[in-house]
Each structure stands twice: as structure tokens, then as C-alpha cells.
Amino acid sequence: MAHRILVTGGAGYIGAHTCKALKRAGYEPVTLDNLCLGHRDFVRWGPLVVADIADTSAVRDVCRDYQVVAAIHFAAYAAVAESINDPAKYYANNVVGSYRLMEGLRAAGVSTVLFSSSCDVYGIQNQQPISEDSTANPINSYGASKLMVERMLADYGRSYNLRWSALRYFNACGADAEGEIGELRDDETHLIPRALMWIQGHLENFQIFGSNYPTPDGTAIRDYIHVTDLADAHLLALRALLHDGPSGIFNIGTGRGYSVKEVVDEIERTTGVNIPIAYAERRQGDPPALVADPKRAAGGLGFRPQNSDLGTIIRTAWAWHQTAHPPKARVSKAAMSED
């Protein structure tokens, strides 16, 4: 019988891609998702249990019923701007919810957890690329909530013999090459899908936050990691945990940063569409640059991204959006990108 892995947030963008990778590798993913942001039709590679991570009893019962051997924890709110405007929402769900999840796992005897963390724990760093040894100093509530959960896992590890790792991934993007799943949200805030949605007529205009960052072209720089590579990184980290391999905190990125303007230029080349850009003020909570030092994941997990060149990212995202978002007439709401 295949090992069953609990995947919280498995109906979401990154969680669903990881479920697909798990299934191909011989595991059975069991998705636990309250579907407030996830998509029921993204759950295609194992059973779906509709429940909240804060429901400790439901978590315990799911793990017992399915004989779960490990958990991958994705479920979280993840919008930077919202986390600044409504921090209580982020601490209640991301931190308190994670604590209740951990108690459910502990009650069921699940002692292996892989946590989907974020580069937002780093905040503003003087040195790029950023290594895992850099001092974490989040500047938004989203990043702070992720760092708090990492601390919780470390404490559980010391006191309850929990075996755990946290993947601090950088900007997830792109879509499944087979076109089965992609980035699809009711209130999209990310750079690449917003630009593609504008091209398809779902948004009236396209805005970039910040044109005066201390970067070569004035726009923010990010390390873009293809979601398929990110799913593979979770698979490698899970295998390590289950087979006494390395554990701990790992950056998941490429080590190569692209500015927002460079990404938009590539979108224009791929789609053949010129995107008129309006610039807005910088958003509070956005660092000028976030680029990973990926050496620890390469050496410890054997992780080397295969799909994260910018051309592949944009091509797969564009193919997905042409299926998921058929073209329509322009709407009146302005497009704003968080990246």
C-alpha cells in the first residue's frame, strides 16, 4: 500500500502541483482543505477531506482513518498587502491554525512534517543572494506568521521528537506543463497572472508597484521558481524526512533574480502583445530584492530546478491561462501586481 501523506491546502496552486508529484512518485496524497481559497476540481490524485486545519479533532481523525505517515502543510493566507492591513487574520489562521493542526497530528501519532514557508521571513537584506543563515527579519505579518510556525516546529522537534523541515520558497510561478492545473485565484495579485489576465481582457489596465527601488531598472527584483520545480523540492524534502536524510530549513529558488520589468518584457515576447504599464507607489512590506542562495537545498536534498528559466515559466503560464481564462472584453477594475 502506498504511503499516505496529508496535504493541507492541497486544493490550492502549489499544493495541487505537489499532490500530482506525490502521486507520480508512488505516494497517496490525502488533501485537507476548507476550500475557502482552493478548488475542488484541483484535487485529482487522492481523496479530499473538507475541513479546516484549526479543527484538531478532524485532523486527528483524518490521519487515523487514512493511516497517514507524514504531513505537508501548505494551508495559509498569503497576500502581503492584506497581511499588513489585517494582521489578526494572518495570526489567527497561519499561526493559531498551525498550532491546532500540529496538536491534531500529535494526537494521531504523526511525527513527520514538511512546512511550506516563505522567503518573506527574511525581510530586507543587504546581501543578495540570501542564505538560510541570514537573520530573519520579516517586515509584514505574512512573513512573521511563517517564521512563528518555523519556531513552533523547532520547539516541537526538541520536545516531542518531531522530524520536520521548512522550505523557504521564493516566487512560485508557471503552470503544469500538461495543462491540468495552474495559478487560479478569484482575487489574483501576482505579477505574471495579472499581466496575462490583462492581455485576455479580464482587467482594464496593468500597474507595477514601485519604479524607484535601488535596482538597475527601478523595479523590484525577485527569484522566480517554477511551481513544478517547487513541487519536486517538496518531494525530495519529504523523502529525506522519511528516510533519515537531512532536515531543517532550505531555500527553494534559483539564485537568479529578475526585475518586474524584465518579467513583463518576457511576457510581451512570449505573447506578442505590448502591455501599456502604469506605475503605482511602492507597497508597504515589499523588499527591493529577494534572491535565494540555493546551495543548501542542492547539496542536502539534491534539488536543482529544471523548469525555472523565465521562458519556460511564461510559456507554461500562458498556455494555462488561455485555457482557464478565455478572452473577454475589458473590465473596469485596475490590475495591480504584488510582485
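Everything that follows concerns the structure shown earlier in this document.
The rules behind each value
Residues numbered from 1 in each chain as written. Predicted model: local features only at pLDDT ≥ 70, side-chain atom pairs only at ≥ 80, totals over all residues. Heavy atoms only, no water. Salt bridge = Lys/Arg side-chain N within 4 Å of Asp/Glu carboxyl O. Helix = DSSP H or I, 4+ residues; strand = E, 2+ residues; numbered from the N terminus. Buried < 20%, exposed > 50% of the residue type's maximum accessible area, 1.4 Å probe, protein only. 1 Å grid on protein atoms, 1.4 Å probe; cavity = no way out; pocket = protein on both sides within 12 Å on 5 of 7 lines; lining within 4 Å. Points joined across faces, edges and corners; volume = space filled by probe spheres on them. Nonpolar A, V, L, I, M, F, W, Y, C, P; charged D, E, K, R; others polar. Axes fitted to C-alpha atoms, helices over the stretch in contact; angles between N-to-C directions. Parallel < 35°, antiparallel > 145°, perpendicular 65-115°, else oblique. Left-handed = near helix turned anticlockwise from the far one by under 90°. Contact = heavy atoms within 4.5 Å.

Caption draft 1: Structural context of the pattern of salt bridges. Counting across every chain of the model gives 19 salt bridges. A salt bridge links Arg-106 to Glu-103, with the nearest nitrogen and oxygen atoms 3.1 Å apart. Here Arg-106 and its partner Glu-103 are both found in helix α4 (residues 87-107), three residues apart, which amounts to about one turn of the helix. Judged by its relative accessible area of 19%, Glu-103 is buried. A salt bridge links Arg-185 to Glu-183; its shortest N-O distance comes to 2.6 Å. On the accessibility criterion, Arg-185 (29% relative accessible area) is partly exposed. Under the relative-accessibility criterion, Glu-183 is labelled buried at 5%. Counted as one network, the salt bridges with shared partners bring together Lys-20, Arg-24, Asp-176, Glu-178 and Glu-180.

Caption draft 2: A look at the layout of surface pockets. The calculated volume of the second largest pocket comes to roughly 240 Å³. Taken together, the residues that form the lining of the second largest pocket break down as five nonpolar, six polar and five charged.

Caption draft 3: Layout of empty space enclosed by the protein. One pass over the structure, following the stated rule, counts one cavity of 30 Å³ or more. Taken as a whole, the largest cavity encloses approximately 30 Å³ of empty space. Along the walls of the largest cavity sit Gly-174, Ala-175, Glu-183, Ile-192, Pro-193, Ala-317, Trp-320 and His-321, which together make up its complete lining. Mapped onto the lining of the largest cavity, the elements with two or more residues apiece are α6 (191-199) and α10 (310-324). No other element matches α10, which puts three residues into the lining of the largest cavity. Of the residues in the lining of the largest cavity, the class split is five nonpolar, two polar and one charged.

Caption draft 4: View of the packing of α4 against helix α5 (residues 141-160). Direction vectors running N to C along α4 and α5 enclose 20°, while the axes themselves pass 9 Å from each other. The orientation of α4 with respect to α5, classified from their angle, is roughly parallel. Once α4 is placed against α5, the crossing between them reads as right-handed. Mapping the contact onto sequence places Pro-87, Tyr-90, Tyr-91, Asn-94, Val-95, Ser-98, Tyr-99, Met-102, Glu-103 and Arg-106 in α4 and Ser-141, Tyr-142, Ala-144, Ser-145, Met-148, Val-149, Met-152, Leu-153, Tyr-156 and Tyr-160 in α5. When grouped by side-chain class, the residues that make up the contact of α4 with α5 number 14 nonpolar, four polar and two charged.

These figures come from the coordinates and say nothing about function on their own.
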